[in-house]
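Read off the chains here:
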Amino acid sequence: MGLDLKHYKNRHSLKSKILRVMWNVTWLLFFRPTPRGSLFRPWRAFLLRCFGAKLGRGANILPSCRVWQPWKLEMGAYSCLSERVDCYNADWIRLGDQVTVSQDAFLCTASHDITSPIMELTTAPLTLGNQCWVCARVILLPGVTLGEGAVVAAGAVVTKDVPAWNMVGGNPAKPIGKRALHQD
């Protein structure tokens, strides 16, 4: 039984492919070379907005962060995508206010249907509630929602939703505690 691809249709439109090429050139020439400091933060936000990203006040995207499709990125006020964060947003990635995504995290909105003979692309959005913290080298898989204040420990692989104010860790991520804020 051979693989028959005559009915296969790439789900990414020609417009999307052209925009991604334009964005990759812009990222390489004008986004990535900027220094980390706050002086160039508005410039990087401007470039992302030119490609359709919706960014709240004070949103910070560091220069080595990769965003696959800026037009499918929403970030609330004072949220941050740190060094070498990889946003593979074939679907929406939405961050609430004051969300921190630490270095080397991988935010993934796409996978493949392993029951399909051609391993058809599947997508599902990622949603990170207000005041979440995604620690270093975390992998968030398609369709995951992190509730408000959730924390994902370093190196975790998150395959399921995380309730508000809960902490998870491990591979696959499991509950490790509750998050409580100090009352001043």
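Above this text is the structure in question.
What this report covers is the structure whose coordinates are included nearby. (Residues numbered from 1 in each chain as written. Predicted model: local features only at pLDDT ≥ 70, side-chain atom pairs only at ≥ 80, totals over all residues. Heavy atoms only, no water.)

## Concerning helix 2 (residues 41-50)
No. 1: Along helix 2, the residues that are buried comprise Arg44, Ala45, Leu47 and Leu48. Summarising the axial view, the buried residues of helix 2 lie within an arc of 160 degrees, below the 170-degree limit, and thus occupy one face. Turned more than 90 degrees from where helix 2 packs its buried face, Pro42 and Cys50 sit exposed.
No. 2: In this structure, the buried side of helix 2 is in contact with helix 1 (14-31), strand 1 (54-55), strand 2 (60-61) and strand 3 (66-67).
No. 3: Downstream of helix 2 by one or two residues, Gly52 has phi in the positive range, about 100 degrees. (Buried < 20%, exposed > 50% of the residue type's maximum accessible area, 1.4 Å probe, protein only. Helix = DSSP H or I, 4+ residues; strand = E, 2+ residues; numbered from the N terminus. Arc of directions from axis to C-beta. Contact = heavy atoms within 4.5 Å.)

## Some details on the packing of helix 1 against helix 2
No. 1: In contact at an axis separation of 11 Å, helix 1 and helix 2 are set at 170 degrees when each is read in the N-to-C sense. Considered as vectors, helix 1 and helix 2 are oriented roughly antiparallel to each other. Where helix 1 abuts helix 2, its residues Trp23, Thr26, Phe30 and Phe31 lie against Trp43, Arg44, Leu47 and Leu48.
No. 2: When its residues are assigned to classes, the contact of helix 1 with helix 2 shows six nonpolar, one polar and one charged. (Axes fitted to C-alpha atoms, helices over the stretch in contact; angles between N-to-C directions. Parallel < 35°, antiparallel > 145°, perpendicular 65-115°, else oblique. Nonpolar A, V, L, I, M, F, W, Y, C, P; charged D, E, K, R; others polar.)

## What about the nonpolar core?
No. 1: Within the largest apolar cluster, 39 residues are counted, with the highest numbers of intra-cluster contacts made by Leu81, Val101 and Leu146.
No. 2: The contacts of Leu146, once residues within four sequence positions are left out, are Thr127, Leu128, Gly129, Cys132, Val134, Leu140, Val152, Val158 and Val162. (Core = buried A, V, L, I, M, F, W, Y, C linked by side-chain atoms within 4.5 Å.)

## Some words on the sheet that holds strand 6 (residues 86-88)
No. 1: What the five strands build is an open sheet, ordered 3-6-9-14-17; its pairing is parallel. The open sheet is flanked by strand 3 and strand 17 (157-158), the only strands paired with a single partner.
No. 2: Note: strand 3 against strand 6, two bridges, orientation parallel. Each bridged residue has a counterpart across the sheet, and for Val67 the counterpart in strand 6 is Cys87. (Pairing = 2+ DSSP bridges.)

## Structural notes on the packing of aromatic side chains
No. 1: Enumeration according to the criterion identifies four aromatic pairs in this entry.
No. 2: With a centroid separation of 4.9 Å and an interplanar angle of 75 degrees, the aromatic rings of Trp68 and Tyr88 are classed as edge-to-face. Taken together, the residues Trp68 in the loop between strand 3 and strand 4 (73-75) and Tyr88 in strand 6 connect sequence positions 20 residues apart.
No. 3: On the accessibility criterion, Trp68 (23% relative accessible area) is partly exposed.
No. 4: Ring pairing ties together the aromatic residues Trp23, Phe31 and Phe51, which thus form one cluster.
No. 5: Directly above the aromatic system of Trp27 lies the positively charged group of Arg66, at a separation of 3.8 Å from the ring centroid. (Phe/Tyr/Trp six-rings, centres within 6.5 Å; stacked < 30°, edge-to-face > 60°. Lys NZ or Arg CZ within 6 Å of the ring centre and 35° of its normal.)

So, to be careful, I would describe these as geometric facts and stop short of saying anything about function.
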